[in-house]
Amino acid sequence: GGGCAHLQDLPLHRVRRHPALPHHARHGGCGHGQRGAAEEPVLRGRTTQSVSCFLFSPSPLHPPRRVRGDPYYELMDEFLTAVKRRFGNTVLVQFEDMAYDNASKLLNMYRTEFPAFNDDMTGLAAAVLAGIMAALPKTGGRLADHRIVFVGEGAVVACIAELFATAVATQTNQTVLDARKKLWLVDAKGLVTRERGDSSTLESFKLPYCHSAPSPSSPGGPSDLLGAVRLLQPTVLVGLSSQGGQPPFAFTPEVLQAMSETCKHPLIFPLSSTPECTPAEAYAHTQGRALVATEQKSEPVPLPNGRLAYPGQCTSTYIFPGVGLGALISRCTKLRDEQFIAAAEAVGRMVAEDELARGSMYPALSKIREVSASVARAVAQKAYEGGFATALPKPHNLYEAARSSMYHPQYRRYR
């Protein structure tokens, strides 16, 4: 159409080759894509974003009828084909605030054409994975030793689970199918099991984690979170409902106590917009032994022994700026799961011993530039190892290349 023709008029010198494509049928108001202290290397000007908004944003004067189905994907194909033709196969595209079905389909369609990702899905998944990795020195064992229960409605929990399963499979040389066996979903009806439903009654994203009920005495599995926790004895509890409103199950005192009875240092992630519990509640009902991360920044919590516990902030701010920067300095032609796993590992390594001792699974946001440079180095390194980086020759020091490519806002002083 006519809108895509305007791409031919874009001045290349003003664009950093990272259009963010908005969409208004988003998966829910979780706010996990909130921008933090880091500067994402997106645009020098507003040109690309203006074009995408021109194509997809509704006019307040003439609200358009929602385009769905084949016409929607035809429009997206026309636009993305024009973007690739104009900027080449190293253009980095983020599918921002899209409904899960749309974003997952577009990612599967175009992830081999150019680097593309969805921050609400893969970015948050990598952030959760980073926290679990960072906590390993305190929890002990390997990533594969964790048993995780994901609680919530919406597909984002499955995205987190899938990246975790891929990371475990990579580290242990087992299959992703085997790695999924320690990952369970709890929705509003209780534990998701094969006895409870199949492809005709369950959403498609739940099926990879729809296991047989582990106890013959509870056919179909427990119908509440407490029963699931007592049955599965998880080491990690992740709450995330991407559909807004109240989560299906709170992390009640009984749930938290059950976690602490079978796990010395349970990892608690109440990430819904209405949190499943507060950090103070998580500490109070696990004898202060839990490691807690929330979506929003939380104040330190005094414990009965007099020390302060510092909840971490689980946000994709730790991930997406470095991923974008790593893609730009390597000029990679795709983004793979292994790059997001490497990004999570890089964030986890940035957590200092004293930070973990205080209870935080994430580095201080004051170190976000160092964190983002480390993430960029890891993402770019994977691109060079995989043979899909086109910025040749490879920089001798990827970390310094990332630092030198960052934008540093400096403004003149005026009287």
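Starting afresh in each chain, residues are numbered from 1 along the sequence in its written order. Local features in this predicted model are restricted to residues of pLDDT 70 or higher, and side-chain atom pairs are both shown and tallied only at a pLDDT of 80 or more, whereas totals for entire chains, interfaces and linings draw on every residue. Where side-chain values are given, they derive from all heavy atoms of the structure, hydrogens and water being excluded.

- The name given to the chain in an unreviewed UniProt entry is Malic enzyme NAD-binding domain-containing protein, and the organism recorded there is Astrephomene gubernaculifera.
- UniProt positions are given in the numbering used here, feature names are shortened, and annotations may be inferred rather than shown by experiment. According to UniProt, the comment filed for the chain under the heading Sequence similarities (unreviewed entry) is "Belongs to the malic enzymes family."

## Brief notes about helix H5 (residues 119-134)
In an α-helix, one turn spans 3.6 residues; hence positions three or four apart end up facing the same way.
Phase 1 of the analysis: When a residue's accessible area, from a 1.4 Å probe over protein chains only, is under 20% of the maximum for its type it is buried; when over 50% it is exposed; and in between it is partly exposed. Where helices and strands are cited, they refer to DSSP runs of H or I of at least four residues and of E of at least two residues respectively, numbered from the N terminus. With 16 of 16 residues buried, H5 is to be regarded as a mostly interior element.
Phase 2 of the analysis: Each polar contact in these results corresponds to two N or O atoms within 3.5 Å; when the atoms are within protein, one needs to be able to donate a hydrogen and the other to accept it, and residues that are neighboring in sequence are counted only if both atoms are side-chain atoms. Two or three places before aspartate 120, at the opening of H5, asparagine 118 has a side-chain oxygen 3.0 Å from that residue's backbone nitrogen.

## Re the sheet that holds strand S5 (residues 183-187)
Phase 1 of the analysis: The pairing criterion is simple: DSSP has to find at least two bridges between the two strands. Strand order in this open sheet of seven strands is S6-S5-S4-S7-S8-S9-S12, and the pairing throughout is mixed. Each edge of the sheet is formed by a strand with only one pairing partner; in this case those strands are strand S6 (190-191) and strand S12 (312-313).
Phase 2 of the analysis: Where strand S9 (residues 291-294) lies against S12, two bridges are found, and the strand directions are parallel. Across the sheet, threonine 294 pairs through a bridge with glutamine 313, a residue of S12.
Phase 3 of the analysis: Here, two residues are considered to be in contact whenever any of their heavy atoms come within 4.5 Å of each other. Throughout, an axis means a line fitted to C-alpha atoms (over the contacting stretch in the case of helices), and angles, computed between N-to-C directions, take values from 0 to 180 degrees. In the packing of helix H7 (residues 156-172) onto the sheet, contacts are made with strand S4 (148-151) and S5, and the angle to S4 comes to roughly 160 degrees.

## A word on the pairing of S5
Phase 1 of the analysis: Counting buried positions over the five residues of S5 gives five, a clear majority of the element.
Phase 2 of the analysis: Residues of S5 alternate between two faces, with Leu183, Leu185 and Asp187 on one and Trp184 and Val186 on the opposite face, all of them buried.
Phase 3 of the analysis: Bridge count between S4 and S5: four bridges; the pairing is parallel. For isoleucine 148, the partnering residue across the bridge sits in S5 and is leucine 183.
Phase 4 of the analysis: Where S5 folds back onto S6 in an antiparallel hairpin, the turn is made up of two residues.

## Examining the UniProt feature "binding site: a divalent metal cation" (unreviewed entry) in the chain
Phase 1 of the analysis: Mapped onto this numbering, the UniProt entry annotates "binding site: a divalent metal cation" (unreviewed entry) at Glu96, Asp97 and Asp120. The largest pairwise C-alpha distance within this set of annotated residues, which runs over 25 residues, is 7.5 Å, so the set is compact in three dimensions.
Phase 2 of the analysis: Counting through the fold element by element, aspartate 120 comes out in helix H5.

## Observations regarding the packing of aromatic side chains
Phase 1 of the analysis: The aromatic pairing rule takes the rings of Phe, Tyr and Trp, using the six-membered ring of Trp, and pairs them if the centres are within 6.5 Å, calling planes under 30 degrees apart stacked, those over 60 edge-to-face and the rest tilted. Taken as a whole and assessed by the stated rule, the structure comprises five aromatic pairs.
Phase 2 of the analysis: Ring plane angle 10 degrees and centroid distance 5.9 Å describe the contact between tyrosine 110 and phenylalanine 114, whose orientation is recorded as stacked.
Phase 3 of the analysis: For tyrosine 110, a relative accessible area of 6% gives the class buried.
Phase 4 of the analysis: Whether a charge sits over a ring depends on NZ of Lys or CZ of Arg being within 6 Å of the ring centre and within 35 degrees of the ring normal. Stacked on the ring of tyrosine 73, the Lys or Arg lysine 105 has its end atom at 4.1 Å from the ring centre.
Phase 5 of the analysis: A cation sits over an aromatic face here: arginine 358 above tyrosine 310, 5.2 Å from the ring centre.

## Regarding unusual backbone geometry
Phase 1 of the analysis: Residue leucine 392 is joined to proline 393 through a cis peptide bond whose omega torsion reads 0 degrees.
Phase 2 of the analysis: Locating proline 393 in the fold gives a position in the loop between helix H15 (368-386) and helix H16 (398-405).
Phase 3 of the analysis: Phi is positive for asparagine 173, close to 65 degrees, though the residue is something other than glycine.
Phase 4 of the analysis: Its location among the elements puts asparagine 173 in the loop between H7 and helix H8 (176-179).
Phase 5 of the analysis: Residue asparagine 173 is classed as exposed on the basis of its relative accessible area, which comes to 74%.
Phase 6 of the analysis: One non-glycine residue, glutamine 287, lies in the positive phi region at around 55 degrees.

## Quick look at the environment of lysine 105
Phase 1 of the analysis: Mapped onto the elements, lysine 105 comes out in helix H4 (residues 100-110).
Phase 2 of the analysis: Overall, the relative accessible area of 39% leaves lysine 105 in the partly exposed class.

## A look at the side chain of serine 104
Phase 1 of the analysis: Examined against the element boundaries, serine 104 turns out to sit in helix H4.
Phase 2 of the analysis: Assessed through its relative accessible area of 17%, serine 104 is described here as buried.
Phase 3 of the analysis: Engagement of the side chain of serine 104 in a polar contact is seen with the backbone oxygen of aspartate 101, the distance being 3.2 Å.

## Quick word on the environment of phenylalanine 320
Phase 1 of the analysis: Within the secondary structure, phenylalanine 320 is located in helix H12 (residues 320-330).
Phase 2 of the analysis: Counting along the chain gives 194 residues from phenylalanine 320 to alanine 126, while the straight-line C-alpha distance between them is 9.3 Å.

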